[in-house]
Amino acid sequence: MPVYEYLCEACGKSQEVIQKFSDAPLVDCELCGKKGALKKQMSLSSFALKGSGWYSTDYKKSSKPDSSGGSSGGSSGGKSE
Ligand SMILES: [Zn+2]
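The rules we used
- Residues numbered from 1 in each chain as written.
- Predicted model: local features only at pLDDT ≥ 70, side-chain atom pairs only at ≥ 80, totals over all residues.
- Pairing = 2+ DSSP bridges.
- Helix = DSSP H or I, 4+ residues; strand = E, 2+ residues; numbered from the N terminus.
- Axes fitted to C-alpha atoms, helices over the stretch in contact; angles between N-to-C directions.
- Buried ≥ 20, exposed ≤ 12 C-beta atoms within 10 Å, placed from the backbone.
- Contact = placed C-beta atoms within 7 Å.

A.B. asks: Help me understand the sheet that holds strand 1 (residues 3-8), please; the structure alone is not making it clear to me.
C.D. replies: The pairing of strands in a sheet comes from backbone hydrogen bonds and takes either a parallel or an antiparallel form. Spatially, three strands are ordered 2-1-3 in an open sheet, and the strand pairing comes out antiparallel. Two strands lie at the open edges of the sheet, namely strand 2 (14-18) and strand 3 (38-40), each paired on one side alone. Ignoring strand direction, the axes of neighbouring strands in this sheet form an average angle of 35°.

A.B. asks: Help me understand the pairing of strand 1 in this model?
C.D. replies: Here is the key point about a regular strand: its side chains alternate between the two faces of the sheet. In terms of strand pairing, strand 1 meets strand 2 through five bridges, oriented antiparallel. In the sheet register, glutamate 5 faces strand 2, and the bridge partner there is glutamate 16. The hairpin turn running from strand 1 into strand 2, its antiparallel successor, is five residues long, and glycine 12 in that turn takes a positive phi close to 75°.

A.B. asks: Would you explain the environment of leucine 38 in this entry?
C.D. replies: Among the structural elements, leucine 38 can be located in strand 3. In this structure leucine 38 comes out as buried when scored by C-beta crowding, with 23 C-beta atoms within 10 Å. For the pair leucine 38 and cysteine 8, spaced 30 residues apart in the sequence, the C-alpha separation amounts to 4.4 Å. If we ignore the near neighbours within four places in the chain, the residues touching leucine 38 are Tyr6, Cys8, Leu26, Val27, Asp28 and Cys29.

So, in structure tokens, the structure goes:
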């Protein structure tokens, strides 16, 4: 099932929700309880890989030198192991 990313305009927190394609998009934030504050985000992971070189260079600069494959969020690729 696909994972959708939602951003709450009330509390500013994003959350990933696993939904079916047929499911209606969420609108209520479970974190702060605000109704109608959730906004569905585009699939950022696939977007970033395609054509944003400025982003990857900037990201490299601020990332840790050791490549220990941290799972501190952000990367949503290959988590099916
Ligand atoms: Zn919220």
